[in-house]
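# What the coordinates show
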Amino acid sequence: MAGKNKNVYVCIECGAESAKWYGRCPACGAWNTLEEQISASSAHSKNGQAVKAVVQSIRDIRPNDKQRYHTGLQELDRVLGGGIVCGSLMLLGGDPGIGKSTLLLQICEHLGREHTVLYVSGEESEGQIKLRADRLQVSGENLLVLCENDMDAVLLSIQDTKPDIVIIDSIQTMNLAEIASASGSVTQVRECTSAIMRLAKRENISVFIVGHVNKDGAIAGPKVMEHIVDCVLYFEGDRHSSYRLLRCVKNRFGSTNEIGVFEMGGQGLAEVENPSLMLLSGRPLNVSGACVACTIEGTRPMLAEIQGLVSPTGFGNPRRMATGFDYNRLALILAVLEKRAGYFFSNLDIYVNVVGGLWLDEPAVDLPVALSLISGLKDVIIPSDCLAFGEIGLTGEIRAVSNADLRVSEAVRMGFKRVILPAHNLSSVAKRDTIQLIGVHTVREAFEAMQES
Ligand code: TYD
Ligand code: MG
């Protein structure tokens, strides 16, 4: 653009700025992501009048015990660290159609009983929202709806109505008139987020912002949006299954790593209180090539079935495929099994699948992955009342993992009779009458222990 405005080129992936256009972002290496923008400083300078800042001693600052609002969905409350913190900014990301709007509209019913909620939609009309609200049985009189794309108008309405909670669905459809670029661009998203943040902090309003994700799975727009907000949640799940996982990747008011499990049904999202039962339901019993793993998500143990299929390679290089598990980690486990334990997979295709759409990246699932593969290779059944956890080291040793006792408790609760675990973990696990604990040092030992009944 010509004129006095100083233009910069901003990467829509990482937010890096450069003076020239490049086909490839010099900072993050993404291709064709640089967009011309009016520099942020010239956008800011319009409303910039310096105010003298106040410096305080840490002793004089009173902690504000921030109140939390309960959403009526315990799974969501737990992921947020105990409810929505008053005056906080939360970003909810996820694929299109995963259920972000459904989740947020659904919590309006409970929130609306004691607080006023303003639902701002830039994507749907009032009629569409009403239809959905009827289906979800949301009808509180404290729920206000605004269909608007103009950010200034939205900010004015927020100031007028002074709600306790605002939902912006979605930030990519919001548009600040003073910024030249199109909605959804990096500057628009950043400036809209900052504008809403300034208002939210001043008026002590909690805000949920829906953000679309791009094809790589990151929230579209600059990474800076994740830095601005207090809490970043991802809503994920397999489109073909009705289960949805809510994952927290950043939380200024609680722990991250917590996950919430939901099921999408005809009347919106229902909470799944016992995810292990859900993940293990309908699993085939007494077949080879499957092993149950126990993983910890946040503070919560979960059982999941891991399946390994081993079949002769048809032609050329053997294929290796992993769903729900890291491909490189699979390669490493296979190398250890060949070199250290004497199980050979070199002319075999290998497929590993974590049932239920979970992504397991914890080292403790190494052992069940290895056992499912050996079971598939030898065509030996792993008893269905038996589960395993443990990390595999490069010398073939089974290494201790964290929270062993919690994992065993979950196995007991779900009626398992035998647990194969790292021998070094045995001392930290309380003995129970109903379950047999077998400590192992190597993969081979683990497989042999699995077979003895
Ligand atoms: P939606 O919340 O619109 O997704 P997002 O806002 O993340 O794009 O979810 C839409 C999907 O959810 C759609 O495929 C239909 C399904 N759905 C149900 O199965 N049951 C319901 O009660 C509702 C409201 C939606
Ligand atoms: Mg939506």
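Anyway, here's the lowdown on the structure attached to this text. This is a predicted model, so every value here is computed, not measured. (Residues numbered from 1 in each chain as written. Chains lettered and ligands numbered in written order. Predicted model: local features only at pLDDT ≥ 70, side-chain atom pairs only at ≥ 80, totals over all residues. Heavy atoms only, no water.)

### Focus: the sheet that holds strand S14 (residues 268-271)
Two pairing modes exist for strands in a sheet, parallel and antiparallel, and in both the strands are linked by backbone hydrogen bonds. Here nine strands make up an open sheet; going across it, the order is S8-S7-S9-S10-S6-S11-S12-S13-S14 and the pairing mixed. Strand pairing shows two members of the sheet lacking a second neighbour, strand S8 (143-147) and S14, which therefore form its edges. With direction set aside, neighbouring strand axes in the sheet form an average angle of 25°. Pairing analysis gives four bridges linking strand S9 (residues 165-169) to strand S10 (residues 206-212), with the strands arranged parallel. (Pairing = 2+ DSSP bridges. Helix = DSSP H or I, 4+ residues; strand = E, 2+ residues; numbered from the N terminus. Axes fitted to C-alpha atoms, helices over the stretch in contact; angles between N-to-C directions.)

### Re the nonpolar core
Of all hydrophobic cores here, the largest spans 47 residues; its most connected members are Phe345, Leu371, Leu373 and Ile420. Each of domain 2 (67-272) and domain 3 (278-452) gives at least three residues to this core. The residues contacting Ile420, other than those within four sequence positions of it, are Leu367, Cys386, Leu387, Ala388, Phe389, Ile438, Val440, Ala446, Ala449 and Met450. Of all hydrophobic cores here, the second largest spans 34 residues; its members include Leu80, Met90, Leu111 and Phe208. (Core = buried A, V, L, I, M, F, W, Y, C linked by side-chain atoms within 4.5 Å. Buried < 20%, exposed > 50% of the residue type's maximum accessible area, 1.4 Å probe, protein only. Domains from an automatic or database assignment. Contact = heavy atoms within 4.5 Å.)

### Re the pattern of salt bridges
Following the criterion strictly, the structure yields 17 salt bridges and no others. Its salt-bridge partner being Arg413, residue Glu410 comes within 3.1 Å of it at the nearest N-O pair. Placement of both Glu410 and Arg413 in helix H11 (residues 404-413) is noted, with a separation of three residues, approximately one turn of the helix. Through salt bridges that share partners, Glu75, Arg78, Glu258 and Arg300 make up one connected network. (Salt bridge = Lys/Arg side-chain N within 4 Å of Asp/Glu carboxyl O.)

### Observations concerning the site of ligand 1
Not every one of the 16 residues close to ligand 1 is listed here, only the nearest: Gly97, Lys100, Ser101, Thr102 and Gly265. Within the backbone of Gly99, one N or O atom sits 3.0 Å away from an oxygen atom of ligand 1. Separating an oxygen atom of ligand 1 from a side-chain N or O atom of Thr102 is a distance of 2.6 Å. If one sorts the elements of the shell around ligand 1 by residue count, helix H3 (residues 100-114) sits on top with three residues. A per-class count over the shell around ligand 1 returns four nonpolar, eight polar and four charged. (Near = heavy atom within 4 Å. Polar contact = N/O pair within 3.5 Å; in protein donor to acceptor, adjacent residues only side chain to side chain. Nonpolar A, V, L, I, M, F, W, Y, C, P; charged D, E, K, R; others polar.)

Everything listed here is a matter of coordinates, which is why it stays silent on function.
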